[in-house]
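Structural description and commentary
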Amino acid sequence: PDDDPALAATHSQALVRAARTARDHGHAELARELNSAALRLEPGAINLYRELAFLELDLGKLQEARSYLEVLSFVDTSDRDAALALALLDFRQLGHPVRAADIVRRTFTGVTPPDMVEILAAEAWLLGRPEEAITEFIKLSRSPLVSADTYMTILRIAYAGGFDDVARLVGDKVLEGTAADDPRRARVEFLL
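My aim in this report is to walk through the structure given alongside it, one point at a time. (Residues numbered from 1 in each chain as written. Predicted model: local features only at pLDDT ≥ 70, side-chain atom pairs only at ≥ 80, totals over all residues. Heavy atoms only, no water.)

Here we look at a nonpolar patch on the surface
What counts is decided by this rule: For patch building, the residue pool is restricted to those with more than 30% relative accessible area and no salt bridge; the joining distance is 9 Å between like charges and 5 Å between nonpolar side chains (Val, Leu, Ile, Met, Phe, Trp, Tyr). To measure how exposed things are, a 1.4 Å probe is used in the Shrake-Rupley method; for residues, cover is taken only from the protein chains shown. The rule for a salt bridge is simple: a side-chain nitrogen of Lys or Arg has to be within 4 Å of a carboxyl oxygen of Asp or Glu. By definition, any uninterrupted DSSP run of H or I lasting at least four residues is a helix, any uninterrupted run of E lasting at least two residues is a strand, and each is numbered from the N terminus. Per-residue accessibility, obtained with a 1.4 Å probe over protein chains only, is compared with the maximum for each type, and a residue is labelled buried under 20%, exposed over 50%, and partly exposed between these values.
The grouping of Ile-46, Val-71, Phe-74 and Val-75 at the surface amounts to a nonpolar patch, some 350 Å² of accessible area in total. Here the nonpolar patch gets 3 residues from one element, more than from any other, and that element is helix α4 (residues 62-75). Relative to the elements of secondary structure, Ile-46 occurs in helix α3 (residues 46-58). For Ile-46, a relative accessible area of 30% translates into the label partly exposed.

Right under this line is the structure:
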C-alpha cells in the first residue's frame, strides 16, 4: 500500500479500469484479483464497488452483486445505471417487485425511464391497484423505448383486471410491434 493517499487513489483507479477491461474480455478471475488489489489500496472507492457489483452480476452471484449495488444506490445517487441494475435484479432475478419499485421511486423522480414502468406496474398490480398500473403505463405508451415484454405485462394486468378496452389497445400495440414469427403474438391473439 502507498503511504500517499493521492497516489494510492491513482493506483486504485488504474487497477479498477484494468479490472473492467479484464471483465469485459471474459477474464473474471483476473478482474477479481485486480479489484482485490484496488480494495487494499483504497477501500472506500465508489468506482471499485461499482466494478465489483457488475463483476458479481456477470458471475451470477446475485446476492453479492445486490449488496454492492445497494451501497452504490445510496452513496452515489447520481449513478442511475447502478440503481437501474439493482431494480432489475430485484424484479427479474430475485423476485422482489415491491423492493424494486421502491428503488425506482427513490432514484427516478419526475420522469420514469420506460424500462422501469414494468416494475411500477407489477408492484401496483400486486398491491391490488390495477388502475394505477395501467395509468403508469399509459403515460409512457408512446415511447419507442417501451419493450414488447412491458406491453405484455400491461396486457396481462389489463386482461386479468377486467379492463378489456385497455387490453385491446395494448394487445394491438404488441401486434404492431412484433414480427410475424414472434412467440408473443400467439398469446396476444389468444387473449384478444
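Now that the structure is up, let's keep going.
Points about helix α5 (residues 80-93)
Basically, it comes down to this: Expected helix span is taken as 1.5 Å per residue step, with the number of steps being one fewer than the number of residues. Should any heavy atoms of two residues lie within 4.5 Å, those residues are counted as being in contact. By the criterion applied in these results, polar contacts are pairs of N or O atoms within 3.5 Å in which, for protein atoms, one can donate a hydrogen and the other can accept it, and in which residues neighboring in sequence qualify only through two side-chain atoms.
In a regular helix each residue adds 1.5 Å, so 14 residues correspond to 20 Å; α5 covers 19 Å between its end C-alpha atoms and thus fits that length. Considered for burial, the residues of α5 that qualify are Ala-82, Ala-83, Ala-85, Leu-86, Ala-87, Leu-88, Leu-89, Asp-90 and Phe-91. Tucked inside the fold, the buried residues of α5 contact α3, α4, α6 (97-107) and α7 (114-126). Two or three places before Asp-81, at the start of α5, stands the capping residue Asp-79, its side-chain oxygen 3.3 Å from that residue's backbone nitrogen. Looking one or two residues beyond α5, the residue adopting positive phi is Gly-95, at roughly 70°.

Brief notes about helix α2 (residues 28-41)
Its 14 residues place the ends of α2 20 Å apart at the C-alpha level, agreeing with the 20 Å of an ideal helix rising 1.5 Å per residue. Where the residues of α2 are buried, they touch α1 (5-24) and α3.

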